[in-house]
Amino acid sequence: DPRTAPAPTVTAPARPTTLAGPPAPAPHPSTPPPTAHPRADTLPPATPGLYPVTEDVGPAGYTHISYVNCSNLDIPSGGSATCTLTNADDPASLILIKNVINDNGGSAEASAWTLNAGANAGANAVTGSETGALATTVAGTYELAETGGPSGYSQTSLTCDNARGQVTSVTLGLGETVECTFVNYDDPAGLYLHKNVTNDNGGTAVASEWTLNAGAI
């Protein structure tokens with residue numbers, strides 16, 4: 001019997017389910033990956049627990065005054081904690097001293113003068129004192145001057161112990177103590193004695209024949 005041959009079976013090749021694209025380009029060597037910059041007062045995530053917090057030595061002229069919640073900072077699981085450290089700038093001291101030298105008969109006292117630490121010092125004028133008076137506790141640069149005082153006195157010196165030689169101003173740093181000294185002398189006086197001789201009746205004496213004295217009274 002003639003038989004009917006089965007129809008041939010054609011199987012199409014399987015179609016891929018994912019098409020692979022070209023490989024991703026490598027990062028450009030001159031373009032580094034971005035870097036996170038956390039705030040200075042914020043730490044990255046930490047393991048829960050107790051953390052003692054300290055600080056390194058900072059700039060000169062500042063003193064640590066308080067730690068709040070810092071000795072054992074407790075960070076709970078999934079939470080956060082805050083520690084506050086406080087520093088304050090140290091007060092300075094500008095001492096103004098007035099010395100009066102009375103070696104020519106003067107009698108003025110230091111309190112007759114007013115000593116000034118410049119217009120930029122605010123109301124930092126002090127009464128002259130041989131032991132010194134506090135003019136300001138704020139760091140900065142101050143012009144120095146004096147006012148008042150009786151006539152017959154001259155300022156002969158103005159010096160500060162943080163500078164060499166004569167000065168007209170002073171620079172005061174945080175936490176620094178500086179003494180500036182104003183010196184005045186009484187001016188020497190001049191007493192001149194004149195001798196006049198009148199020879200209108202035949203006399204011939206001259207002034208040099210007399211000795212003139214300005215003795216103690």
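Throughout, a residue's number is its position along its own chain's written sequence, starting from 1. Restriction of local features to residues with pLDDT of at least 70 applies here, the model being predicted, together with a cutoff of 80 or more for giving and counting side-chain atom pairs; totals for whole chains, interfaces and linings are based on all residues. The side-chain values count all of the structure's non-hydrogen atoms but skip hydrogen atoms and water molecules.

**With respect to the nonpolar core**
1) Next: Of all hydrophobic cores here, the largest spans 23 residues; its most connected members are Leu94, Leu96, Leu144, Cys160, Val170, Val178 and Cys180.
2) Next: Runs of H or I in DSSP of at least four residues are treated as helices and runs of E of at least two as strands, each being numbered from the N terminus. Secondary-structure elements contributing two or more residues to this core are β5 (93-101), β6 (113-116), β8 (133-136), β11 (153-160), β12 (169-172) and β13 (177-186).
3) Next: Contacts between residues were defined by any pair of non-hydrogen atoms, one from each residue, lying within 4.5 Å. Residues within four places of Cys160 in sequence aside, it is in contact with Leu144, Val167, Val170, Val178, Glu179 and Cys180. Within this scheme, the nonpolar core is defined by two criteria: the residues are buried Ala, Val, Leu, Ile, Met, Phe, Trp, Tyr or Cys, and they are joined through side-chain atoms within 4.5 Å. Note on exposure labels: buried denotes an accessible area under 20% of the residue type's maximum, exposed denotes more than 50%, and partly exposed covers the range between, all computed with a 1.4 Å probe on protein chains only.

**Remarks on the environment of Asp187**
1) Next: Tracing the backbone shows Asp187 in the segment after β13.
2) Next: For Asp187 and Gly105, which are 82 residues apart along the polypeptide, the C-alpha to C-alpha distance reads 8.8 Å.
3) Next: Apart from the residues within four sequence positions on either side, Asp187 is in contact with Asn104, Gly152, Tyr153 and Ser154.
4) Next: Reaching out from Asp187, the side chain makes a polar contact with the backbone nitrogen of Tyr153 at a distance of 3.5 Å.
5) Next: In the analysis that follows, any N or O atom pair within 3.5 Å is treated as a polar contact, provided that within protein one partner can donate a hydrogen and the other can accept it, and provided that, for residues neighboring in sequence, both atoms belong to side chains. Within polar-contact distance, the side chain of Asp187 engages the side chain of Ser154 at 2.8 Å.

**With respect to the sheet that holds β11**
1) Next: Strand pairing is defined by DSSP finding a minimum of two bridges between the two strands. Pairing is mixed across the open sheet formed by four strands, whose spatial order is β8-β5-β13-β11. Because the sheet does not close on itself, it has two edges, and the strands there are β8 and β11. Strand-to-strand twist in this sheet, taken as the mean axis angle between neighbours without regard to direction, amounts to 25 degrees.
2) Next: Bridge analysis of β5 against β13 gives nine bridges, and the strand direction is parallel. Pairing of Asn99 across the sheet is with Val183, part of β13. Geometry is summarised by axes, namely lines fitted to C-alpha atoms with helices restricted to the contacting stretch, and by angles between N-to-C directions that run from 0 to 180 degrees.

**Examining the side chain of Asn184**
1) Next: For Asn184, the location among the structural elements is in strand β13.
2) Next: A relative accessible area of 2% places Asn184 in the buried class.
3) Next: Sequence-distant contacts of Asn184, defined by excluding residues within four places in its chain, comprise Lys98, Asn99, Val100, Ile101, Trp113, Glu146, Tyr153, Ser154 and Gln155.

**Structural notes on the pairing of β5**
1) Next: Here three bridges tie β5 to β8, and the two strands are oriented antiparallel to one another. Each residue of the ladder has a partner; that of Leu96, found in β8, is Ala133.

**Points about the packing of aromatic side chains**
1) Next: Each Phe, Tyr or Trp ring (for Trp, its six-membered ring) is paired with any other whose centre lies within 6.5 Å, and the angle between the two planes then decides the class: stacked below 30 degrees, edge-to-face above 60, tilted in between. This model, assessed by the stated rule, comprises one aromatic pair.
2) Next: Note on Trp113 and Tyr153: the rings are 5.5 Å apart at their centroids and 80 degrees apart in plane angle, and the pair reads as edge-to-face. With a gap of 40 residues between them, Trp113 in strand β6 and Tyr153 in strand β11 connect regions that are remote in the sequence. Across this residue pair, the class does not change: Trp113 and Tyr153 are buried.
3) Next: In this arrangement the basic side chain of Lys195 is found over the ring face of Trp210, its NZ or CZ atom lying 4.5 Å from the centre. Only when the NZ of Lys or the CZ of Arg is both within 6 Å of the ring centre and within 35 degrees of the ring normal is a charge said to sit over the ring.

**Structural notes on the side chain of Asp186**
1) Next: As for its position among the elements, Asp186 is in strand β13.
2) Next: The charge count includes Lys and Arg as positive and Asp and Glu as negative, but it does not include His or the ends of the chains. The salt bridge definition used is simple: a Lys or Arg side-chain nitrogen within 4 Å of an Asp or Glu carboxyl oxygen. One buried charged residue, Asp186, forms no salt bridge at all, with the nearest opposite charge on Lys98 at 12 Å.
3) Next: Of note is the side chain of Asp186, whose polar atom sits 3.1 Å from the backbone nitrogen of Asp103.
4) Next: In contact with Asp186, other than residues within four places in its own chain, are Ile101, Asn102, Asp103, Asn104, Gly105, Gly106, Gly152 and Tyr153.

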